[in-house]
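Chain by chain, the residues run as shown.
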Amino acid sequence: MFAYTSIDQYQHALTQGKTSCQEAVHHYLFEIENSKHLNAFVHVFAEKAIQKATALDEKRSAGKTIGKLHGVVIAIKDVICYKDHPLTAASGILKNFTSLYSATAVEKLLQEEAIIIGVCNCDEFAMGSTNENSVYGNVLNAIDETRVSGGSSGGSAVAVQAGLCMVSLGSDTGGSVRQPADFCGIVGFKPTYGRISRYGLIAYASSFDQIGIFATNVEDAGKILETIAGPDEYDSTVSKNVVQKYVEVKQNKKLRFAYFRETLEHPSLDREIANGINELIEQIKDEGHEVTALSFEYLDYIVPAYYILTTAEASSNLSRYDGVRYGYRSAKPSANLTEFYKLNRSEGFGKEVKRRIMLGTFVLSTGYYDAYFAKAQKVRRKLVEKTELVFSEFDFILMPTSPSVAFKIGEKTGDPIAMYLADIYTVFANLTGIPAISLPLFKHSNGMPFGVQVMAKQFNELSLLQASQRLMKMSAIRRSPLEKK
Ligand code: GLN
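Predicted model only: the values in this text are computed from it and were never measured.

Conventions adopted
- Each chain carries its own residue numbering, running from 1 in the direction its sequence is written.
- Local features are withheld for residues below a pLDDT of 70 in this predicted model, meaning they are given only at 70 or higher, and side-chain atom pairs are given and counted only at 80 or more; totals for whole chains, interfaces and linings count all residues.
- Heavy atoms throughout the structure, all of them, feed into the side-chain values; hydrogens and water do not.
- Residue-level confidence of the predictor is summarised by pLDDT, bounded by 0 at the bottom and 100 at the top.
- The criterion used for residue contact is that any of the two residues' heavy atoms lie within 4.5 Å.
- Criterion used throughout: strands pair if DSSP finds at least two bridges between them.
- The secondary structure listing takes helices from DSSP runs of H or I that are at least 4 residues long and strands from runs of E that are at least 2 residues long, numbered from the N terminus.
- To get an axis, a line is fitted to the C-alpha atoms, and for a helix only the part in contact is used. The angle between two axes follows their N-to-C directions and goes from 0 to 180 degrees.
- Throughout, near means a residue has at least one heavy atom within 4 Å of the molecule or strand.
- Here a polar contact is taken to be a pair of N or O atoms separated by no more than 3.5 Å, where protein atoms must pair a possible hydrogen donor with a possible acceptor and residues adjacent in sequence count only if both atoms sit in side chains.
- Surface exposure here means Shrake-Rupley accessible area, sampled with a 1.4 Å probe, where a residue is shielded only by the protein chains that are shown.
- For this scheme, ten residues count as nonpolar: Ala, Val, Leu, Ile, Met, Phe, Trp, Tyr, Cys and Pro. Four count as charged, namely Asp, Glu, Lys and Arg, and the remainder, Gly too, count as polar.
- Put simply, a salt bridge is a Lys or Arg side-chain nitrogen that is within 4 Å of an Asp or Glu carboxyl oxygen.
- The buried label goes to any residue with under 20% of its type's maximum accessible area, the exposed label to any with over 50%, and the partly exposed label to all in between, with areas taken from a 1.4 Å probe on protein chains only.
- Cavities and pockets are found on a 1 Å grid laid over the protein atoms alone: a cavity is a set of points where a 1.4 Å probe fits but cannot escape, a pocket is an open set with protein on both sides within 12 Å along at least five of seven lines, and a lining residue has an atom within 4 Å of such a point.
- Grid points are joined across faces, edges and corners, and a volume is the space filled by probe spheres set on the points.
- We call two directions roughly parallel when the angle between them is under 35 degrees, roughly antiparallel when it is over 145, roughly perpendicular when it lies between 65 and 115, and oblique otherwise.
- Throughout, a crossing is termed right-handed when the near helix is turned clockwise from the far one, and left-handed when it is turned anticlockwise from it by less than a right angle.
- Here, the term disulfide refers to a pair of cysteine sulfur atoms separated by no more than 2.5 Å.

Draft legend 1. Quick look at the confidence of the model for the protein chain. Here the protein chain averages 95 in pLDDT, while 97% of its residues score no lower than 70. This stretch, residues 476-485, has a pLDDT under 50; its non-local contacts, to residues over four places away or in other chains, come to 31 contacts.

Next comes the structure, spelled out in structure tokens:
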């Protein structure tokens, strides 16, 4: 039976001749077929994946040097370009579009001999928290199929949760990797803004967007990060900071955590989640580490600031989808250019994307710019200052990932504000650009998993991943992500 719990274990078996890349690909193709109803994948590249696996097996048998991700089976979110493969952002406006080039992250995966098995479902243009805004329909949570996967990278999360690939890529603008990871009981990691190139990632809100990683364990996430991070001549916002060996160094030093009291006392937070995290805090202290409660006066401002700034950026980023050079074009006749744009855009985009384009256009318009956009930017600056202050004394911030476990399908679709407010704990890391990870440490009495979020100072991925490994080992409540309710 093909059952490996980490990339290392799988690659060790490969070199020992106990398995092959072909066996791995056939195993995942079988599982994908079996789990079709979860709707995690929108395109599967069966033939090409088998061909690639065969070539890799031959290369290894010939005794040639193999890549760092040799044979690792990966899925990518439908907002990441993969040359000559379909790319739609789960939107009608990009129906039948094919990537003309590959994202830098994808190029790096391929260079290290990973196998990309398919493209995963997501919310349209990565806007959403439940994957219910996709032109392909909902993704089901494999632990309880009446619940959402989380979003916007819902398909990428379920692909890992349900064992349909080893690791996957998503994008995280305001929590879209950490929150679905939390809902699905897996690891979800968003690196520092500028750690991974955004070249070839469809833009939602460019000063927030970052590619993130889903995995079943911290070590695998570190391995992928090590491969895809680093400078890129095609993205001037990527840092030239050295990419560290995230998985190799172990450390034992005392850890200094802070948490914001208001986040654990917030009325929207499920009491069991609060209790779970409070118990974890006690456990961390018992292990000899420091955990300090701080006050955080901005908690109620972060979601509004996030939605003002991201919709403003989105309204500009999405103006390129006009049906002129590519993408959906209405079949209806139009009398002039404005009408032509209107028809293409109103027929091509879904409801949530249109809501956000309108909101973003509004907050940028004359007369409202200062009241909304400029003010939200000031909030962002305050948050950055606060973060710098916290990290001058502490190494990590602990926070819930989401105020509740995965919602029931349809539970929040009629109330966009309630949906936005549920992003209360994830948007902070994107507003401040810091790295953050959701670790699947808990199980709710209703049977659903939930995690804890750990954040570190910008570019401190190494210590964040090391602390995460220690927290994963510390928790006695860990469980298999595949376990059904
Ligand atoms: N739920 C958030 C939103 O809808 C986050 C999305 C994301 O990170 N892509 O904007």
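Draft legend 2. Region of interest: the sheet that holds strand β6 (residues 211-215). Spatially, eleven strands are ordered β1-β3-β2-β4-β6-β5-β10-β11-β9-β7-β8 in an open sheet, and the strand pairing comes out mixed. If you trace the sheet from one side to the other, it starts and ends with β1 (41-44) and β8 (290-294), each paired once. Pairs of neighbouring strands in the sheet enclose a mean axial angle of 25 degrees, with direction left out of account. Here strand β5 (residues 187-190) pairs with β6 via three bridges, running antiparallel. By the bridge assignment for β6, V187 is matched with A215. The sheet strands contacting helix α16 (residues 461-474) are β5, β7 (256-260), β9 (396-400), β10 (436-443) and β11 (449-456), and the helix crosses β10 at an angle near 5 degrees.

Draft legend 3. Representation of the site of the ligand in the model. Near the ligand there are 15 residues, and of these T173, G174, S176, Y204 and Y306 occur at the shortest range. Here S129 contributes a side-chain N or O atom positioned 2.8 Å from a nitrogen atom of the ligand. Between the ligand and T173 there is a distance of 2.7 Å, counted from an oxygen atom to a backbone nitrogen or oxygen. Calculation on the ligand without its partners gives an accessible area of 290 Å², and the protein chains cover 99% of this total. Residue composition of the shell around the ligand, grouped by class: five nonpolar, seven polar and three charged.

Draft legend 4. Region of interest: the pattern of salt bridges. Within this structure, the stated rule accounts for 17 salt bridges. When the shortest N-O distance is used, the salt bridge between E33 and K36 registers 3.6 Å. Neither E33 nor K36 differs from the other in exposure class; each is exposed. Two residues, E113 and K59, come together in a salt bridge whose shortest N-O distance is 2.2 Å. Remark: K59 occurs in helix α3 (residues 46-61) and E113 occurs in the loop between α4 (104-111) and β3 (115-120); sequence separation between them is 54 residues. On the basis of relative accessibility, which here comes to 9%, the residue E113 falls in the buried class. By relative accessible area, which is 26% here, K59 ends up partly exposed.

Draft legend 5. The arrangement of the layout of surface pockets in detail. In this structure, the second largest pocket spans a volume of roughly 360 Å³. Counted by class, the lining of the second largest pocket contains 13 nonpolar, two polar and three charged residues.

Draft legend 6. Quick look at the packing of helix α2 (residues 21-34) against α3. In contact at an axis separation of 7 Å, α2 and α3 are set at 160 degrees when each is read in the N-to-C sense. Considered as vectors, α2 and α3 are oriented roughly antiparallel to each other. Seen along the crossing, α2 lies across α3 with a hand that is right-handed. Each of C21, Q22, V25, H26 and L29 in α2 lies in contact with α3, whose residues at this interface are A46, A49, I50, A53, T54, L56, D57 and R60. Class assignment of the residues belonging to the contact of α2 with α3 gives a composition of eight nonpolar, three polar and two charged.

Draft legend 7. Layout of the packing of helix α10 (residues 299-317) against helix α12 (residues 351-364). In contact at an axis separation of 7 Å, α10 and α12 are set at 100 degrees when each is read in the N-to-C sense. With respect to each other, α10 and α12 are oriented roughly perpendicular. On α12, the residues touching Y307, I308, T311, A312 and S315 of α10 are R356, I357, L359, G360, T361, V363 and L364. Class assignment for the residues of the contact of α10 with α12 results in seven nonpolar, four polar and one charged.

Draft legend 8. Here's a closer look at the state of the cysteines. Scanning the entire structure with this criterion turns up zero disulfides. The closest cysteine sulfur to the non-disulfide-bonded C81 is located on C122, 12 Å from its own sulfur. Take C81: its relative accessible area is 6%, and that puts it in the buried class. Here C122 stays unpaired: no disulfide links it, and the sulfur of C120, its closest cysteine neighbor, is 8.8 Å away. The class of C122 is buried, set by a relative accessible area of 0%.

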